[in-house]
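# Analysis of the macromolecular model
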2 protein chains.
Amino acid sequence: MDNTAPTITKLLQVDAPHRGLLDELLDKWSLQVLDQLCERSLRFNELRRAIPAVGQKSLTATLRRLERNGMITRVVLEARPVAVEYRISPIGETLNELVDALLRWTDQQLPAVQEARARYDGSGA
Amino acid sequence: MDNTAPTITKLLQVDAPHRGLLDELLDKWSLQVLDQLCERSLRFNELRRAIPAVGQKSLTATLRRLERNGMITRVVLEARPVAVEYRISPIGETLNELVDALLRWTDQQLPAVQEARARYDGSGA
DNA sequence: CGGTATCCATTGCGATACTG
DNA sequence: CAGTATCGCAATGGATACCG
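Predicted model, so just to flag it, every value in this text is computed and none were measured. (Residues numbered from 1 in each chain as written. Chains lettered and ligands numbered in written order. Predicted model: local features only at pLDDT ≥ 70, side-chain atom pairs only at ≥ 80, totals over all residues. Heavy atoms only, no water.)

## Comments concerning the protein's contact with DNA strand C
- Arg43, Gln56, Arg74 and Tyr86 of chain A together with Lys57 of chain B are the nearest of the 18 residues found near DNA strand C.
- Close to the protein, within 4 Å, the atoms of DNA strand C belong to sugar or phosphate groups at a rate of 63%.
- Between DNA strand C and the protein, one listed contact pairs a base oxygen with a side-chain N or O atom of Lys57 of chain B at 2.5 Å.
- Top element by residues in the surface near DNA strand C is helix 5 (residues 56-68) of chain A. It accounts for four residues.
- A class-by-class count of the residues in the surface near DNA strand C yields seven nonpolar, six polar and five charged. (Near = heavy atom within 4 Å. Polar contact = N/O pair within 3.5 Å; in protein donor to acceptor, adjacent residues only side chain to side chain. Helix = DSSP H or I, 4+ residues; strand = E, 2+ residues; numbered from the N terminus. Nonpolar A, V, L, I, M, F, W, Y, C, P; charged D, E, K, R; others polar.)

## Observations concerning the interface of chain B and chain A
- Opposite the 48 residues of chain B that make contact, chain A presents 50 residues.
- Each partner contributes to the roughly 5,000 Å² buried at the junction of chain B and chain A, and carbon and sulfur atoms together form 67% of this total.
- Area buried by chain B at its contact with chain A is led by Arg68, Trp105 and Tyr120 of chain B, which between them contribute 14% of it.
- Counting the contacts that link chain B with chain A gives six salt bridges.
- The salt bridge involving Asp121 of chain A is made with Arg68 of chain B; its shortest N-O contact spans 2.5 Å.
- Applying the counting criterion to the chain B and chain A interface returns ten residue pairs in polar contact (both at pLDDT 80 or more).
- Broken down by secondary-structure element, the contributors of at least two residues to the side of chain B that touches chain A are helix 1 (8-14), helix 2 (16-25), helix 3 (28-39), helix 5 (56-68) and helix 6 (90-124) of chain B.
- Top element by residues in the side of chain B that touches chain A is helix 6 of chain B. It accounts for 21 residues.
- For the side of chain B that touches chain A, the class distribution of residues is 23 nonpolar, eleven polar and 14 charged. (Contact = heavy atoms within 4.5 Å. Buried area = accessible area lost by both parts, 1.4 Å probe. Salt bridge = Lys/Arg side-chain N within 4 Å of Asp/Glu carboxyl O.)

## Some details on the nonpolar core
- Counting 60 residues, the largest nonpolar core has Met71 of chain A together with Met71 of chain B as the members making the most contacts within it.
- Apart from residues no more than four positions distant in its own chain, Met71 of chain A is found in contact with Leu25, Leu34, Leu66, Arg87, Ile88, Ser89, Ile91, Gly92 and Leu95 of chain A together with Trp105 and Val113 of chain B. (Core = buried A, V, L, I, M, F, W, Y, C linked by side-chain atoms within 4.5 Å. Buried < 20%, exposed > 50% of the residue type's maximum accessible area, 1.4 Å probe, protein only.)

## Some words on the pattern of salt bridges
- Enumeration over the complete set of coordinates arrives at 14 salt bridges over all chains.
- As a salt-bridge pair, Arg117 of chain B and Glu24 of chain A come within 3.8 Å of each other at their nearest N and O atoms. Taken together, the positions of Arg117 of chain B in helix 6 and Glu24 of chain A in helix 2 (residues 16-25) put the pair across two chains.
- On the basis of relative accessible area, Arg117 of chain B is assigned to the buried category, the value being 17%.
- As a salt-bridge pair, Arg19 of chain B and Asp23 of chain B come within 2.9 Å of each other at their nearest N and O atoms. Remark: Asp23 of chain B and Arg19 of chain B occur in helix 2; sequence separation between them is four residues, near one turn of the helix.
- Its relative accessible area of 4% is what places Arg19 of chain B among the buried residues.

## With respect to the protein's contact with DNA strand D
- Surveying the vicinity of DNA strand D reveals 18 residues, the closest of which are Lys57 and Ser58 of chain A together with Arg43, Gln56 and Tyr86 of chain B.
- Between DNA strand D and Lys57 of chain B there is a distance of 3.5 Å, counted from a base nitrogen to a side-chain nitrogen or oxygen.
- Arg64 of chain B is positioned such that a nitrogen or oxygen atom in its side chain is 2.9 Å from a phosphate oxygen of DNA strand D.
- Secondary-structure elements contributing two or more residues to the surface near DNA strand D are helix 5 of chain A together with helix 4 (44-50), helix 5 and strand 3 (83-88) of chain B.
- Examining the composition of the surface near DNA strand D, we find that four residues originate from one element, helix 5 of chain B, more than from any other.
- Taken together, the residues of the surface near DNA strand D break down into seven nonpolar, six polar and five charged.

The quantities given are spatial measurements derived from coordinates; they are silent on function.
In structure tokens form, the structure reads like this:
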């Protein structure tokens, strides 16, 4: 696995597609959708309820983007009126592991961050 | 201090500050600035040159935000006209490790992602 | 239910000009 | 050099209405 793990920095600068991909995947709603679907598959309106702050338009856009990049799959169930289920994909699961690592990091560092904020806000105010 | 690491998912939903922090830290420019400063400290205009696509205004905002959250430190050097150096902080370095993991992930998954995109774009077009 | 289409307010962001 | 201030456009994103 260490075949391509050279100065990671170069990936950022030289190889735009890598950055572009993260830009599409690390936004506010994607992280939350990903996290929800990692627990279990959900329907459109279930997702809306699970993430109350997201608007319908934004949720649709987020789902399309995640689907296009292969992170989730959109499954149309035969049912009356219509039923669509969104599922995490294998790749999506690997991404979610990294996102979880990020979440664990925030959990650890939040106190230090809040202290830093207090210092910054205090010295400037 | 309870080190309970319960279903990470709950952190996302219940605890807004965690998500909020990631929202401030995972944007387009922050990742690149962080990555640059992890290699070596840089001055304002060095950063601009290192990340040509970023505007002055956005760079300033990004630096302030990273500084406020304790990820970098702003060091005013005594020099003529003025010299300011931006340095990664210890916390910032730990964040950058996770970002690097993300970058390595994109490097691994990019082919699969591009395939997914081709499939998506092809079936829809 | 699971969307799309449209309108509209807000914001983001680049370009430009100016300052200590 | 390292910013701040201002302007104006373009893109987000919410609210609403409507469709299969």
